[in-house]
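# Geometric and topological summary
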Amino acid sequence: MNLVRASVLLALFALPVFAQNPAQGQPARILGTIDSFNGQILSAKSQDGQVTSITVHPDLRVMANAKANLDDIKPRDFVGSAADKGPDGKPHAEEVHIFPEAMRGTGEGHRPMGPDPNRTMTNGTVSGVSGSSSRTIVLKYKDGEQEIELAPDTPIVTRVVGDRNLLNPGAAVLILAAQKDGGLVATGLTAEKDGVKPR
């Protein structure tokens, strides 16, 4: 999910918790639940129980996801998809995020996702949609295009703007953070809303 990123996507897009080494100037990606938030410092507990403290500046936009379906993906939409190579050699979507127009271009491109060479993240403009119960979408980006297979049960969400009222203890969050001034500072934050959790 360097979803995204780009400041979100980072969106965008589900996986076990991992953090690249921020001491080496790499971004951290933290998926977990809120342990506490005092308006400035958010403590997030990962699935393995580790608690990480992240500074959340007042001007950081909190994002959330809303449920969508295959029919909501249309040509010219800007979307992001985490995908895993299937037995047929084609990338099969793990999840698809539909971005609002204001976020067009976020994390645009095609790249590996994590240490598994079979997992990728693609953010681009939908140039084609084919199929009925299952779909094949073509995502175009600056340096090329990628076909991605979508199953009927592929999770699909739209990105929506949230607010700090979502940052309550126990809520699921996906945080992108950078090392700064001796600590982690959030550069992107997606929070659970209406039961839809970031992945």
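Since the structure is predicted, the reported quantities are computational estimates derived from the model, not experimental observations.

### Examining the overall build of the protein
A count of helices and strands for the protein gives 0 helices and 14 strands. When the helices and strands of the protein are read in sequence order from the N terminus, they spell out β-β-β-β-β-β-β-β-β-β-β-β-β-β. Summed over all atoms, the accessible surface of the protein reaches about 9,500 Å², with 48% contributed by carbon and sulfur.

### Observations concerning the side chain of Arg29
Along the chain, Arg29 falls in strand β2 (residues 28–37). No salt bridge is formed by the buried Arg29; its nearest oppositely charged neighbour, Glu95, is found at 7.0 Å. A polar contact of 3.4 Å, which involves the side chain of Arg29, links it to the backbone oxygen of Arg199.

### Side note on the nonpolar core
With 20 residues, the main nonpolar core has Leu42, Ile54, Leu167, Val173, Ile175 and Leu189 as its most contacted residues. When contributions to this core are tallied by element, the ones reaching two or more residues are β2, β3 (41–46), β5 (62–67), β13 (172–180) and β14 (183–191). Broken down by element, this core gets its largest block of residues, 4 residues, from β14. Every residue in contact with Ile54, bar those within four places of it in the chain, is listed here: Ile30, Gln40, Ile41, Leu42, Ala44, Ile175, Ala177, Leu184, Val185 and Ala186. Of all hydrophobic cores here, the second largest spans 14 residues; its members include Leu70, Val79, Ile137 and Ile148.

### Focus on the side chain of Thr154
Within the secondary structure layout, Thr154 lies in the loop between β11 (144–150) and β12 (156–161). A polar atom in the side chain of Thr154 sits 2.9 Å from the backbone nitrogen of Ala151. Among residues more than four places away in sequence, those in contact with Thr154 are Ala93, Glu94, Glu95 and Val96.

### Regarding the pattern of salt bridges
Inspection of the entire model under this criterion finds 4 salt bridges. Across the pair Glu94 and Arg119 runs a salt bridge, and its minimum N-O distance is 2.7 Å. Residue Glu94 is located in strand β7 (residues 91–99), and its partner Arg119 is located in strand β9 (residues 119–130); the two are separated by 25 residues in the primary sequence.

### Concerning the pairing of strand β8 (residues 109–112)
One ladder, built from 4 bridges, connects β8 with β9; its direction is antiparallel. Across the sheet, residue Arg111 finds its bridge partner in β9, namely Met121.

### Some words on unusual backbone geometry
Negative phi is the rule for most residues except glycine; trans is the rule for most peptide bonds. Of note in the backbone geometry, Arg76 takes a positive phi value of approximately 80 degrees without being a glycine. Mapped onto the elements, Arg76 comes out in the loop between β5 and β6 (78–85). A positive phi is found at Asp194, a non-glycine position, where the angle reads about 55 degrees. Its location among the elements puts Asp194 in the segment after β14.

### Observations regarding the pairing of strand β4 (residues 51–55)
Remember that side chains alternate between the two faces of the sheet whenever the strand is regular. Here β3 runs beside β4; their pairing, made up of 5 bridges, is antiparallel. If you follow Leu42 over to β4, its bridge partner there is Ile54. Taking the residues that link successive antiparallel strands as the turn, the β3-β4 hairpin has 4 residues, and the phi of Gly49 there is positive, at about 90 degrees. Here 2 bridges tie β4 to β14, and the two strands are oriented parallel to one another. Bridge pairing in β14 links Thr55 to Val185.

### Points about the confidence of the model for the protein
Summary statistics for the protein give a mean pLDDT of 87 and a share of 87% for residues scoring 70 or more. Note on residues 1–24: pLDDT is under 50 here. Beyond four places in sequence and across chains, it has 106 contacts.

### Examining the environment of Ala28
Tracing the chain through its elements places Ala28 in strand β2. A relative accessible area of 3% means that Ala28 is categorised as buried. Measuring from C-alpha to C-alpha, the distance between Ala28 and Gln179 comes to 8.2 Å, with 151 residues separating the pair along the chain.

### Examining the environment of Gly131
Tracing the sequence through the fold places Gly131 in the loop between β9 and β10 (135–141). A relative accessible area of 59% places Gly131 in the exposed class. Residues Gly131 and Glu149, 18 residues apart in the sequence, show an inter-C-alpha distance of 9.7 Å.

What counts, and at which threshold
- Residues numbered from 1 in each chain as written.
- Predicted model: local features only at pLDDT ≥ 70, side-chain atom pairs only at ≥ 80, totals over all residues.
- Heavy atoms only, no water.
- Helix = DSSP H or I, 4+ residues; strand = E, 2+ residues; numbered from the N terminus.
- Areas by Shrake-Rupley, 256 points an atom, 1.4 Å probe, with all protein chains shown as cover.
- Buried < 20%, exposed > 50% of the residue type's maximum accessible area, 1.4 Å probe, protein only.
- Lys, Arg positive; Asp, Glu negative; His and termini not counted.
- Salt bridge = Lys/Arg side-chain N within 4 Å of Asp/Glu carboxyl O.
- Polar contact = N/O pair within 3.5 Å; in protein donor to acceptor, adjacent residues only side chain to side chain.
- Core = buried A, V, L, I, M, F, W, Y, C linked by side-chain atoms within 4.5 Å.
- Contact = heavy atoms within 4.5 Å.
- Pairing = 2+ DSSP bridges.
- pLDDT = per-residue confidence, 0-100.

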